[in-house]
Amino acid sequence: MRYRTFTEHDYDALQALDLDVQRAHTPTFDTLAERERAGRLHTSLPALKFYERSEHSFVAEEDGILHGFVFAQSVWQGDRPIVLVRTLSVHPDAPAGVSEALLHATVKSAYDTAVYEVHYPVTPELRAAAAAESAVLTGAYAVTHLGTRAQTAPGERLADQNPLGETD
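Each value, and the rule that gives it
- Residues numbered from 1 in each chain as written.
- Predicted model: local features only at pLDDT ≥ 70, side-chain atom pairs only at ≥ 80, totals over all residues.
- Heavy atoms only, no water.
- Phe/Tyr/Trp six-rings, centres within 6.5 Å; stacked < 30°, edge-to-face > 60°.
- Helix = DSSP H or I, 4+ residues; strand = E, 2+ residues; numbered from the N terminus.
- Polar contact = N/O pair within 3.5 Å; in protein donor to acceptor, adjacent residues only side chain to side chain.
- Contact = heavy atoms within 4.5 Å.
- Buried < 20%, exposed > 50% of the residue type's maximum accessible area, 1.4 Å probe, protein only.
- Pairing = 2+ DSSP bridges.

Comments concerning the packing of aromatic side chains
Moving on, step 1. Applying the stated criterion across every chain yields a total of 5 aromatic pairs.
Moving on, step 2. Residues Tyr-51 and Phe-71 carry aromatic rings whose centres are separated by 5.0 Å and whose planes lie at 5 degrees to one another, so their mutual orientation is stacked. Here Tyr-51, found in helix α3 (residues 45-52), pairs with Phe-71, found in strand β3 (residues 65-77); they are 20 residues apart in sequence, far enough to count as distant.
Moving on, step 3. Linked through ring pairs, Phe-6, Phe-50, Tyr-51, Phe-69 and Phe-71 together constitute an aromatic cluster.

Some points on the environment of Ser-57
Moving on, step 1. In this structure, Ser-57 sits in the loop between α3 and β2 (58-62).
Moving on, step 2. Ser-57 sits 53 residues away from Arg-4 along the chain, and the two C-alpha atoms are 8.3 Å apart.
Moving on, step 3. Reaching out from Ser-57, the side chain makes a polar contact with the backbone oxygen of Tyr-51 at a distance of 3.5 Å.

Quick notes on the environment of Val-85
Moving on, step 1. The topology assignment puts Val-85 in strand β4 (residues 80-90).
Moving on, step 2. Along the primary structure Val-85 and Leu-103 are separated by 18 residues, whereas in three dimensions their C-alpha atoms are 8.6 Å apart.
Moving on, step 3. Each residue touching Val-85, except ones within four places of it in the same chain, is listed here: Val-70, Phe-71, Ala-72, Leu-103, Thr-106, Val-118, His-119, Tyr-120 and Pro-121.

Notes on the pairing of β2
Moving on, step 1. Where burial is concerned, most of β2 is hidden: 4 out of the 5 residues are buried.
Moving on, step 2. Note that strand β1 (residues 2-4) and β2 share 3 bridges and pair antiparallel. Note that in β2 the partner of Tyr-3 across the bridge is Ala-60.
Moving on, step 3. Where β2 folds back onto β3 in an antiparallel hairpin, the turn is made up of 2 residues, including Asp-63, whose phi is positive at roughly 55 degrees.

Below, the structure is given as structure tokens:
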């Protein structure tokens, strides 16, 4: 399996994959009103163009077939950037481990761009992936802290370091 950023050449395959995933999760998907169907799909042309440029969105591909995708973007939260995962979709027949690997690709891209928090909703498919990334879970939401924030962000304070040996 190969995990890579996607390009305009992948748009049709991404839209077909998104439709397959929606139909698998909601067998009555095709009977929904058109507006409802459109609202559930994640691969509109504007969305694809946006996430293609995001640096944190990937597809899982094997032998020219897309098995899943993750759409994520860097956003500012207060005084620092975070990577926010909007969508992670995997075909029901995809090989095991695709969800975990797509999430890991996003976590790695965040770290590589000096963004030290990745936020994402935890679906049943992502519980194992969240655990593998040492995420802090809050209900159905997870935050993976990277770098030095992994040591301090969950609330533990590092021992005070006083390099000069001075006392207060």
